[in-house]
There are 2 protein chains.
Amino acid sequence: MADVAKLAGVSHQTVSRVLNGAPHVRPGTRERVLAAIRELDYRPNSAARALVTRRSQTLGVVSFDSTLYGPASMLDGIERAARTADYFVSVASLRSLDSRSVQEAVDRLLDQGVEGVVVIAPQISAVSALAKLSSSVPVVAVGSGSRSRMPMVSFDNRAGAEVATRHLLDLGHRTVHHLAGPAGWMESRDRQDGWRQTLEAGGARVPRVGSGDWSARSGYEAGLRIAHDPEVTAVFCANDHMALGLLRALHEAGRAIPGEISVIGFDDIPEAAYFTPPLTTVRQDFGELGRRALELLLEELVGVAHTRNHVQISPEMVLRRSAGPARRD
Amino acid sequence: MADVAKLAGVSHQTVSRVLNGAPHVRPGTRERVLAAIRELDYRPNSAARALVTRRSQTLGVVSFDSTLYGPASMLDGIERAARTADYFVSVASLRSLDSRSVQEAVDRLLDQGVEGVVVIAPQISAVSALAKLSSSVPVVAVGSGSRSRMPMVSFDNRAGAEVATRHLLDLGHRTVHHLAGPAGWMESRDRQDGWRQTLEAGGARVPRVGSGDWSARSGYEAGLRIAHDPEVTAVFCANDHMALGLLRALHEAGRAIPGEISVIGFDDIPEAAYFTPPLTTVRQDFGELGRRALELLLEELVGVAHTRNHVQISPEMVLRRSAGPARRD
DNA sequence: GAGTTGTTTGTTAACGCTAACATCTACGCT
DNA sequence: AGCGTAGATGTTAGCGTTAACAAACAACTC
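Okay, so let's go over this structure. (Residues numbered from 1 in each chain as written. Chains lettered and ligands numbered in written order. Predicted model: local features only at pLDDT ≥ 70, side-chain atom pairs only at ≥ 80, totals over all residues. Heavy atoms only, no water.)

**With respect to the overall build of chain A**
Moving on, step 1. Across its full length, chain A holds twelve helices and twelve strands.
Moving on, step 2. Computed over the C-alpha atoms, the radius of gyration of chain A is 26 Å, more than 25% above the 20 Å expected from 2.2 N^0.38 for a compact globule of 329 residues.
Moving on, step 3. A principal-axis box enclosing the C-alpha atoms of chain A has dimensions of 90 × 40 × 35 Å.
Moving on, step 4. A burial count over chain A gives 56% of its 329 residues as buried.
Moving on, step 5. In chain A, the share of contacts with a sequence separation of at least 24, taken over all contacts with a separation of at least 6, comes to 72%. (Helix = DSSP H or I, 4+ residues; strand = E, 2+ residues; numbered from the N terminus. Rg over C-alpha atoms; globule rule 2.2 N^0.38 Å. Buried < 20%, exposed > 50% of the residue type's maximum accessible area, 1.4 Å probe, protein only. Contact = heavy atoms within 4.5 Å.)

Okay, structure coming up:
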């Protein structure tokens with residue numbers, strides 16, 4: 001910076017002024033400084049700036065399995081939003097979701113000097129870990145739906161489950177089976193609750209729930225178990241991947257979809273439209289979720305009075321061909 | 001830090017010494033300092049440290065569409081590897097893949113003071129942008145396969161295409177059609193080259209290639225076009241998503257798979273095993289790829305003599321049910 | 001023309017840390 | 001005892017930036 005100042009014939013402070021767009025710099029001077037900067041290919045040192053301003057311009061994201069479509073999309077949305085707000089994004093992905101790991105990841109980020117943290121951690125344990133995390137910086141959770149006091153943005157999983165279940169009931173199915181996600185996940189719980197409530201409200205019998213681990217494999221295994229159960233005419237799966245596995249198992253067992261069994265998923269992953277048959281599902285806009293999370297974090301950062309601590313986004317049903325009317329026999 | 005020093009009754013330099021594990025600190029003193037650190041919940045300021053050491057402990061990753069399974073997995077692999085090497089990772093995702101965007105993203109990262117950059121940028125234009133990028137820090141490209149001088153790690157896409165094509169030929173198919181990826185991508189080009197060479201080596205006719213944009217939708221559209229072409233008995237798709245769309249279109253047209261048409265994909269995404277039918281494909285271990293890229297970057301960072309500038313990983317064929325023997329009629 | 005105001009620039013002092021050197025102790029050797 | 005040596009600690013000076021203040025100058029006002 002001293003070099004630039006010398007070349008432009010001004011003091012280093014004036015250089016700093018043009019860099020930061022401070023007022024009261026004569027246009028001619030500004031030009032000379034800019035020219036010197038280009039000439040020397042000068043880049044301000046962010047560490048020095050961070051040291052004196054006490055702002056790192058960096059936000060942290062801790063993510064669980066960023067290989068999955070949901071987390072990856074949220075991360076993407078967060079990054080995009082952060083960039084437009086002129087922040088950098090540093091990621092820390094978790095190996096496992098116990099509260100120690102979450103703590104550790106947040107610590108790591110804090111050590112780096114992030115100004116705020118977004119946690120993509122849908123497990124109940126993770127959120128409770130966060131709740132007791134006395135962080136020096138704002139933290140917002142995303143993708144979960146707990147009732148904790150922590151700021152968070154999530155989908156209305158319950159409402160999503162309701163429309164899916166209702167849709168099936170309206171199609172004439174006597175009841176709807178449910179393939180839930182793994183225990184401990186907020187999404188699993190809320191979707192299951194929504195499903196159950198809808199069944200009860202509709203006066204339908206509530207069958208035993210199966211559960212998987214979100215993977216297609218686990219959906220397949222569940223499918224094997226129910227394929228020959230004549231009771232089952234409609235299944236609401238907690239996510240599309242499991243629905244895919246279920247479809248596969250049903251297909252192998254020779255069951256017609258939706259002729260004999262209707263299936264609805266959750267997420268609307270890009271592939272869902274090309275399953276056999278194309279999957280009726282509940283769409284979540286993960287990118288939007290990430291964006292909103294960052295928005296909320298930014299608000300906390302500037303200390304806006306808590307307008308709204310929880311943001312909920314409504315899911316939207318996508319009708320395709322895997323769900324149809326119940327057979328009248 | 002001064003507070004810690006005072007509490008422990010030592011100088012700030014001694015605190016620095018225990019923080020950095022410097023030798024010549026009496027165990028008793030170290031204990032007192034550690035206790036003071038815990039007591040005050042002190043965290044070293046990374047900006048100050050970066051300023052004086054000139055090392056940010058941060059690596060940058062620029063990624064194209066981190067929503068896709070491949071990039072997301074690589075990012076994940078990179079992050080994990082970076083963490084074990086005690087680096088932070090900062091991400092910048094691109095909107096588009098023109099050379100200006102790449103330039104911009106790398107600049108952004110550089111402004112932040114990263115010590116090195118991994119670019120997940122499979123487009124030819126991106127790599128050529130990198131080549132002329134005179135960066136002050138090491139850069140490695142990943143997932144591509146150009147012949148440029150830039151350090152990079154990639155899959156041997158050509159070899160992958162060869163085994164897939166050969167497999168189909170060995171199954172008795174007179175020739176193999178190809179559904180290529182979009183123009184401008186290194187993966188598209190290399191896979192297509194591998195396919196073509198194998199056909200030529202086997203004395204088979206080289207049919208016209210179709211091409212998609214990696215999406216299931218584009219695969220579906222291509223499928224619609226070839227579904228009624230009796231010439232087509234085997235298709236090698238440049239990725240699994242397009243294969244999924246193709247499968248769908250073929251299914252709708254009533255073509256039996258693999259009875260009438262065999263299909264092979266590329267990537268082995270987690271869902272591939274549950275397609276209808278389960279997809280024979282070529283597996284890429286994206287996580288491994290990311291890890292290796294980081295390894296290479298780390299080597300550059302410590303200035304190891306260029307042992308090997310290009311790392312290539314061999315893909316592996318995964319046999320499932322979508323490819324079978326040609327009908328003898 | 002002296003005082004007042006506003007614009008433009010420069011000077012100095014941090015920010016929190018580590019590197020380099022300086023100092024002080026304890027110990028062993030002759 | 002005197003000296004050298006190594007270990008343990010302290011002191012000082014930066015790293016590159018911005019904040020706060022100071023100074024110089026121009027343009028007004030009355």
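**A closer look at the protein's contact with DNA strand D**
Moving on, step 1. Taken together, 27 residues form the shell around DNA strand D, and within it M1, S16 and Y42 of chain A together with S11 and R54 of chain B come nearest.
Moving on, step 2. In DNA strand D, atoms within 4 Å of the protein come from the sugar-phosphate backbone in 62% of cases.
Moving on, step 3. At 2.9 Å from a phosphate oxygen of DNA strand D is found a side-chain nitrogen or oxygen belonging to N20 of chain A.
Moving on, step 4. One nitrogen or oxygen atom from the main chain of N45 of chain A is found 2.8 Å from a phosphate oxygen belonging to DNA strand D.
Moving on, step 5. Listed by contribution, the elements that provide at least two residues to the surface near DNA strand D are α2 (12-19) and α4 (46-53) of chain A together with α2 (12-19) and α4 (46-53) of chain B.
Moving on, step 6. Among the residues making up the surface near DNA strand D, the classes are represented as ten nonpolar, twelve polar and five charged. (Near = heavy atom within 4 Å. Polar contact = N/O pair within 3.5 Å; in protein donor to acceptor, adjacent residues only side chain to side chain. Nonpolar A, V, L, I, M, F, W, Y, C, P; charged D, E, K, R; others polar.)

**Thoughts on the protein's contact with DNA strand C**
Moving on, step 1. Taken together, 26 residues lie near DNA strand C, and T29 and R54 of chain A together with M1, S16 and Y42 of chain B sit nearest.
Moving on, step 2. The sugar-phosphate portion of DNA strand C accounts for 62% of its atoms within 4 Å of the protein, the bases making up the rest.
Moving on, step 3. Separating a phosphate oxygen of DNA strand C from a backbone N or O atom of R26 of chain A is a distance of 3.1 Å.
Moving on, step 4. Here a phosphate oxygen of DNA strand C sits 3.0 Å away from a polar atom, N or O, in the side chain of R49 of chain B.
Moving on, step 5. For the surface near DNA strand C, the secondary-structure elements that each account for two or more residues are α2 and α4 of chain A together with α2 and α4 of chain B.

**A closer look at the packing of aromatic side chains**
Moving on, step 1. All told, the structure shown has twelve aromatic pairs over all chains when counted by the stated rule.
Moving on, step 2. Aromatic side chains W185 of chain A and W214 of chain A sit 5.7 Å apart centroid to centroid with 80° between the ring planes, which places their arrangement in the edge-to-face category. Highlighted residues: W185 of chain A in the loop between β6 (177-180) and α9 (186-201) and W214 of chain A in the loop between β7 (210-211) and α10 (216-226), separated in sequence by 29 residues. Just as W185 of chain A is buried, W214 of chain A falls in that class too.
Moving on, step 3. An angle of 50° between the planes, with centres 6.2 Å apart, marks the rings of F236 of chain B and F266 of chain B as tilted. Separated by 30 residues along the polypeptide, F236 of chain B in strand β8 (residues 234-237) and F266 of chain B in the loop between β9 (262-264) and β10 (281-283) bring together distant segments of the chain. An identical accessibility class is assigned to F236 of chain B and F266 of chain B; each is buried.
Moving on, step 4. Through a chain of ring-to-ring contacts, three or more aromatic side chains come together here, namely F64, W185 and W214 of chain A.
Moving on, step 5. Between the NZ or CZ atom of R191 of chain A and the centre of the ring of F266 of chain A, over which it lies, the distance is 3.9 Å. (Phe/Tyr/Trp six-rings, centres within 6.5 Å; stacked < 30°, edge-to-face > 60°. Lys NZ or Arg CZ within 6 Å of the ring centre and 35° of its normal.)

**Describing the interface of chain A and chain B**
Moving on, step 1. Contacts between the two partners involve 52 residues from chain A and, on the opposite side, 52 residues from chain B.
Moving on, step 2. Each partner contributes to the roughly 4800 Å² buried at the junction of chain A and chain B, and carbon and sulfur atoms together form 48% of this total.
Moving on, step 3. Where chain A packs against chain B, one counts six salt bridges.
Moving on, step 4. Ionic pairing is found between R43 of chain B and D111 of chain A, a salt bridge with its closest N-O pair at 2.7 Å. (Buried area = accessible area lost by both parts, 1.4 Å probe. Salt bridge = Lys/Arg side-chain N within 4 Å of Asp/Glu carboxyl O.)

**Quick look at the packing of α2 of chain B against helix α3 (residues 27-40) of chain B**
All names here are of chain B.
Moving on, step 1. Interhelical geometry of α2 versus α3 gives an angle of 90° and a closest axis separation of 10 Å. With respect to α3, the axis of α2 lies roughly perpendicular. Across the interface between the two elements, T14, V15, V18 and L19 from α2 touch T29, R30, V33, L34 and I37 from α3.
Moving on, step 2. Looking at side-chain class alone, the contact of α2 with α3 contains six nonpolar, two polar and one charged residues. (Axes fitted to C-alpha atoms, helices over the stretch in contact; angles between N-to-C directions. Parallel < 35°, antiparallel > 145°, perpendicular 65-115°, else oblique.)

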